[in-house]
Amino acid sequence: PLVGTTEMFKKAYEGHYAIGAFNVNNMEIIQGIMEAAKEENSPVILQASEGARNYAGQEYIVGLVKIALQDYPEIPTALHLDHGSSYEICKACIDGGFSSVMYDGSKHPYEENVRITKQIVGYAHDKGVVVEAELGRLAGVEDLVSVDAKDAIFTDPDQAAEFVELTGCDSLAIAIGTSHGAYKYKGDPYLDYDRLEKVGKLLPDYPIVLHGASTVIPEFVEQCNAYGGKVLGAKGVPEDMLRKAATMAVCKINIDTDIRLAMTSAIRKALAEDPSNFDPRGYLKPAREAVKQMVMHKIEAVLGSANTI
Ligand code: G3H
Ligand code: 13P
Ligand code: ZN
Ligand code: NA
């Protein structure tokens, strides 16, 4: 059924695992993820960004997810807005049937982030919808040589605890070294586990969210490049590092880039291997299967959420 994230996060926290939050933009992605969740007997979060709403249309996404929920009534599934940038967009998703929204006020000054997050929490909670907020900056982590450099962009644990207290948000995305997209690190991958642990101590039993948490699975990058692609210098968060974070306070791990790579590498291969084909089903079917296999692998190797329903 369609659910919020409260129950799944509580179980994930206590069980030392995390729930996968997968970005959805079309039917094949939704189908691939749901097939994987079914095979693994795992709860799942389907999340739509503002870009997804612009691409597919909010009502198409909600409609597709409704059909998926009918197909898989046994899978606890949250429909979540990813990186909502305003009160209005969060409200539109809450009114449109989402069970969870993120308000990302991380680019705003702290006080404004608190103010708008609080306003959205008020509206959402009235409607039984949960809210994820964000504190700290994810982008542009280049050379984190000094402690000062980390302190300047990573989430401050004391401020995180105060923020949750002030806003009443249900989960919090923090910056500890991840970033969005396929180019996360110039040098060695890095996650600030000490900071995560401090947040966990100051906010006991509270679910933490990790954005920018794709591994940038090397096989997909190689396959893209083997079939005419040009994905160069891509690097993500290694699986063992994510697995460790999932055993800690991290209860939601966001994955979009690995879906993009799974689909595109499968489509490139299918098109190259059958150049005379021009039936979209010929390449979208393997793309959907690649999403399914990738999500199953995530659930087993990274999230640890298999057989938790
Ligand atoms: O955080 C960003 C997600 O990967 C969604 O990307 O805004 O291009 O849909 P998007
Ligand atoms: P990736 O780009 O690492 O997949 O992160 C996705 C994300 O954080 C969506 O909000
Ligand atoms: Zn994100
Ligand atoms: Na966890």
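This one's a predicted model, so the numbers in the text were calculated from it and none came from an experiment.

Enquirer: Please provide a residue-by-residue account of the overall build of the chain, values included.
Expert: Secondary structure assignment for the chain yields 13 helices and eight strands. A compact globule built from 309 residues should have a C-alpha radius of gyration of about 19 Å, and the chain, at 19 Å, falls within 12% of that. C-alpha atoms of the chain, sized along the principal axes, occupy 60 × 45 × 35 Å. A total of 309 residues make up the chain; the buried ones form 48% of that total.

Enquirer: Account for the nonpolar core, naming residues and giving values.
Expert: Core analysis: the biggest nonpolar cluster contains 92 residues, and I33, V101, L172, I253 and V291 have the highest contact counts within it. The element contributing the most residues to this core is helix α13 (residues 280-303), with ten residues. When neighbours within four sequence positions are excluded, I253 is seen to be in contact with A18, G20, A21, L210, A213, L242, A246, V302 and L303.

Enquirer: Got a sec to walk through the packing of helix α12 (residues 257-273) against α13? Specific residues and values, please.
Expert: It is at 8 Å that the axes of α12 and α13 come closest, and there the two elements cross at 145°. In this structure, α12 crosses over α13, and the sense of that crossing is right-handed. Within the contact between the two elements, α12 uses D258, I259, A262, M263, S265, A266, I267, A270 and L271 and α13 uses G282, Y283, P286, A287, A290, V291 and M294. Here the contact of α12 with α13 is built from residues that sort into 13 nonpolar, two polar and one charged.

Enquirer: How would you sum up the site of ligand 1? Please name residues and give values.
Expert: Around ligand 1 sit N23, S49, G51, A52, D82, H83, H180 and D256, and those are all the residues in its vicinity. Contributions of two or more residues to the shell around ligand 1 are made by α3 (50-56) and β3 (77-84). Taken together, the residues of the shell around ligand 1 sort by class into one nonpolar, five polar and two charged.

Enquirer: I'd like to hear about the site of ligand 2, residue by residue, with values.
Expert: Taken together, 14 residues are adjacent to ligand 2, and H211, S214, N254, D256 and T257 come closest. Secondary-structure elements contributing two or more residues to the shell around ligand 2 are β3, β8 (250-255) and α12.

Enquirer: An account of the sheet that holds β8 is needed here, citing residue identities and associated values.
Expert: Overall, parallel pairing links the eight strands, which are arranged β1-β2-β3-β4-β5-β6-β7-β8 in a closed barrel. Mean inter-strand twist for the sheet, computed between neighbouring axes without regard to direction, equals 25°. Here strand β1 (residues 19-23) runs beside β8; their pairing, made up of four bridges, is parallel. Within β8, the residue paired with G20 across the bridge is I253. The sheet strands contacting helix α6 (residues 110-126) are β4 (100-103) and β5 (130-135), and the helix crosses β5 at an angle near 170°. Those strands touched by α13 are β1 and β8, and its axis lies near 145° from that of β1.

Enquirer: I'd like a description of the UniProt feature "binding site: Zn(2+) 2" (unreviewed entry) in the chain, backed by residues and values.
Expert: As annotated in UniProt, the feature "binding site: Zn(2+) 2" (unreviewed entry) corresponds to D104 and E134 in the numbering used here. A maximum C-alpha distance of 5.3 Å is found for the annotated residues, which run over 31 residues; spatially they form one tight group. The topology assignment puts E134 in strand β5. With residues near it in sequence (within four places) discarded, E134 still touches D104, G105, S106 and A173.

Enquirer: Before we move on, can you summarise the UniProt feature "binding site: Zn(2+) 1" (unreviewed entry) in the chain with the specific residues and values?
Expert: When the UniProt feature table is mapped onto this chain numbering, "binding site: Zn(2+) 1" (unreviewed entry) sits at H83, H180 and H211. Across 129 residues, the annotated set stays spatially compact, with a maximum C-alpha separation of 11.8 Å. For H180, the position within the fold is in the loop between β6 (171-174) and α9 (193-202). Those residues in contact with H180, other than ones at most four positions away along the chain, are L138, H211 and G212. Its place among the elements puts H211 in the loop between β7 (208-210) and α10 (218-226). When sequence neighbours within four positions are dropped, the list of residues in contact with H211 reads L138, A173, T178, H180 and N254.

Thresholds applied
Residues numbered from 1 in each chain as written. Chains lettered and ligands numbered in written order. Predicted model: local features only at pLDDT ≥ 70, side-chain atom pairs only at ≥ 80, totals over all residues. Helix = DSSP H or I, 4+ residues; strand = E, 2+ residues; numbered from the N terminus. Rg over C-alpha atoms; globule rule 2.2 N^0.38 Å. Buried ≥ 20, exposed ≤ 12 C-beta atoms within 10 Å, placed from the backbone. Core = buried A, V, L, I, M, F, W, Y, C linked by C-beta atoms within 7 Å. Contact = placed C-beta atoms within 7 Å. Axes fitted to C-alpha atoms, helices over the stretch in contact; angles between N-to-C directions. Left-handed = near helix turned anticlockwise from the far one by under 90°. Nonpolar A, V, L, I, M, F, W, Y, C, P; charged D, E, K, R; others polar. Near = placed C-beta within 6 Å. Pairing = 2+ DSSP bridges. UniProt positions renumbered as here; feature names shortened; annotations may be inferred.

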